[in-house]
Structure formats: structure tokens, C-alpha cells
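# A look at the structure
Here is how the chains run, residue by residue.
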Amino acid sequence: MKFSWKSAVTLSILAASTIVPVLSLADSASAQVARGMTGSYVGAGVSAGVSNPDDDTTFGGNVQGRYDLANAPISLRGSALISDGSAALMPIISYDVGIAPNTNLYLGAGYSFVTDDEDATPLGNQNAPVLTAGVETAVTRNIALYGDAKLGIDAYEGNSDSAVSLQLGAAYRF
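Residues numbered from 1 in each chain as written. Predicted model: local features only at pLDDT ≥ 70, side-chain atom pairs only at ≥ 80, totals over all residues. Heavy atoms only, no water.

### Some remarks on the overall build of the protein chain
As a reminder, the rule being used: Only DSSP runs of H or I with at least four residues qualify as helices, and only runs of E with at least two residues qualify as strands; both kinds are numbered from the N terminus onward. Throughout this description, buried means an accessible area under 20% of the type-specific maximum (1.4 Å probe, protein chains only), exposed means over 50%, and partly exposed covers the range between. In this description, contact between two residues means that some pair of their heavy atoms is separated by no more than 4.5 Å. Here the Shrake-Rupley method, with its probe set to 1.4 Å, supplies the accessible areas, and only the displayed protein chains count as covering residues.
The number of helices and strands found in the protein chain is one helix and eight strands. Every one of the 174 residues in the protein chain was classed for burial, and the buried ones make up 40%. Considering only residue pairs separated by 6 or more positions, the protein chain has 54% of its internal contacts joining residues 24 or more positions apart. Carbon together with sulfur atoms contributes 64% to the accessible area of the protein chain, which is approximately 9100 Å² in total.

Right, dumping it as C-alpha cells:
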């Protein structure tokens, strides 16, 4: 999967033209829809890298956390995608949009630090910028579920391919 900067700019423009109207609609409807999920969490789940240039799917686990910044639609996130011989560690900042009571949609950006470039993680085998989009929902006072997709830009050593990984998990809210 080749990914050029021209493609990234085009995708960014398309995403912005889609997201900005949704965000402005969310602001105008904020009186009608309750605030999305609040609070912080730490969770774990499964992860699958679906874009390995060797045509192999890389399965692994994930550990993710969210620190909710009170009175702001921004969260600080941390994620670790773990495979057999390596891990991708990511600090991420996200913009959170409440789409229903106790449910958020989030978009974020960060950087992936790979612990061993010999083995592929679900998000590639080299350090790379990361974009993420996901959803999270509180199912009880202390339990949340999350799912997201991460795009690692130029995430494979030796070529300019991007990496895509999908995550699902459950978390303890506090």
C-alpha cells in the first residue's frame, strides 16, 4: 500500500470537509444531545495489523489509556500495540465529540515508537507519525468499550508503505 504526501493532503482535505460540518452540527445540537463519555480509563484488548507489505496480517494485543481533560473536548491517550517480538508505543492527543450519552467519537494524532525494528508490530516496524479515529462508550459506571483504527505513515522500514491497524478492547473507568 503506497502512501504519498499528496495522498495524505488529499485525505486531510476530504476528512476536514466531512468533519467540520459534523462538528458544527454537533455544536448546534449540543443542547439536545447529552455530553459524551467523560472520565479516564485504562484497558486492554486485541489488535490486528491489516496492511503488512508481506501480505501477512499481524495479530497482537493492545493496552490503551485515556486521560480526560476536564472542561475541554481533548484527551491525552497512550497506546501500546504488542506483537510476538516487538511493541509500538504511542502518545496521542485526541479531539473527542460526544455523539450520544456516554459515547464519544474521537480523532487523534501522535507518534509511534517501535521497540524492535526486526519484528513487525500491528502498526509497522519503524517509528512513524500516527493518525487515529475511534469510538468509545461507557457500558456501566466503571466499564467502557473502545474500538479504533490507526494509520502509521511511512511505518515500514525499507519502503514508504503506511500501516493500518484495528483495535478492540474493554477498559476500567475512573
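Here the narrative resumes, following the displayed structure.
### Considerations on the side chain of D148
For clarity, the threshold we go by: Polar contact is defined as a pair of N or O atoms within 3.5 Å, subject to the rule that within protein one atom must be able to donate a hydrogen and the other to accept it, and that residues adjacent in sequence are counted only when both atoms are side-chain atoms.
When you line up the elements, D148 lands in strand β7 (residues 143-152). Judged by its relative accessible area of 7%, D148 falls in the buried class. Polar contacts involving the side chain of D148 include one to the side chain of Q64, which spans 3.4 Å. In this structure the side chain of D148 is engaged in a polar contact, spanning 2.6 Å, whose partner is the side chain of Q167. Residues within four places of D148 in sequence aside, it is in contact with Q64, Y106, T132, A133, G134, S165, L166 and Q167.

### Considering the sheet that holds strand β5 (residues 103-114)
Note the cut-off: For two strands to be treated as a pair, DSSP must find at least two bridges joining them. As a rule, the C-alpha atoms of each element are fitted with a line to give its axis, helices using only the stretch in contact, and angles between N-to-C directions run from 0 to 180 degrees.
The sheet built from eight strands closes into a barrel, its strands ordered β1-β2-β3-β4-β5-β6-β7-β8 with antiparallel pairing. Going across the sheet, the axis of each strand differs from the next one's by a mean of 25 degrees, ignoring polarity.

### Remarks on the nonpolar core
Soluble, globular proteins show a tendency: their nonpolar side chains are buried together. Convention followed: Nine residue types can take part in a nonpolar core, namely buried Ala, Val, Leu, Ile, Met, Phe, Trp, Tyr and Cys, and a core is a set of them joined through side-chain atoms within 4.5 Å.
Listed in full, the 11 residues of the largest apolar core are L81, A88, M90, I92, V114, L123, A128, V130, A155, Y156 and A163. Elements that contribute at least two residues to this core include exactly β4 (87-100) and β6 (128-138). Of all the elements, β4 adds the most residues to this core, at three residues. Setting aside residues no more than four positions away along its own chain, M90 makes contact with R77, G78, S79, L81, Y111, S112, L123, V130 and K150. Y41, A138, A144 and Y146 belong to the second largest nonpolar core, which has six residues in total.

### Some words on the packing of aromatic side chains
This is how it is decided: To pair, rings of Phe, Tyr and Trp, with the six-membered ring standing in for Trp, must have centres within 6.5 Å; the planes then decide the type, stacked if under 30 degrees apart, edge-to-face if over 60, and tilted in the middle.
Considering all chains together, one arrives at two aromatic pairs under this definition. Here Y41 and Y146 contribute two aromatic rings whose centre-to-centre distance is 5.9 Å and whose plane-to-plane angle is 10 degrees, an arrangement assigned as stacked. Taken together, the residues span a long stretch of sequence, with Y41 in strand β1 (residues 41-49) and Y146 in strand β7 at a distance of 105 residues. The exposure class of Y41 is buried, given its relative accessible area of 1%. Here Y111 and F113 contribute two aromatic rings whose centre-to-centre distance is 5.0 Å and whose plane-to-plane angle is 55 degrees, an arrangement assigned as tilted.

### Description of the confidence of the model for the protein chain
Rules: Per-residue confidence from the predictor is reported as pLDDT, which spans 0 to 100.
Across the protein chain, the average pLDDT comes to 85, with 80% of residues at or above 70. Scored below 50 in pLDDT, residues 7-11 shows two contacts in the model against residues more than four places distant or in partner chains. Confidence drops under a pLDDT of 50 for residues 17-26, and excluding neighbours within four residues, the segment shows five contacts in the predicted structure.

### Things to note about a negative patch on the surface
Stated precisely, the cut-off is as follows: Like charges are joined within 9 Å and nonpolar side chains (Val, Leu, Ile, Met, Phe, Trp, Tyr) within 5 Å, but only among residues with over 30% relative accessible area and no salt bridge; these make up the patches. For this analysis, a salt bridge means a side-chain nitrogen from Lys or Arg found within 4 Å of a carboxyl oxygen belonging to Asp or Glu. Only four residue types enter the tally: Lys and Arg on the positive side, Asp and Glu on the negative side, with His and both chain ends excluded. Think of each charge as sitting on NZ of Lys, CZ of Arg, CG of Asp or CD of Glu.
On the surface, a cluster of negative charge is contributed by D84, D117, E118, D119 and E157. Along the polypeptide, D119 turns up in the loop between β5 and β6.

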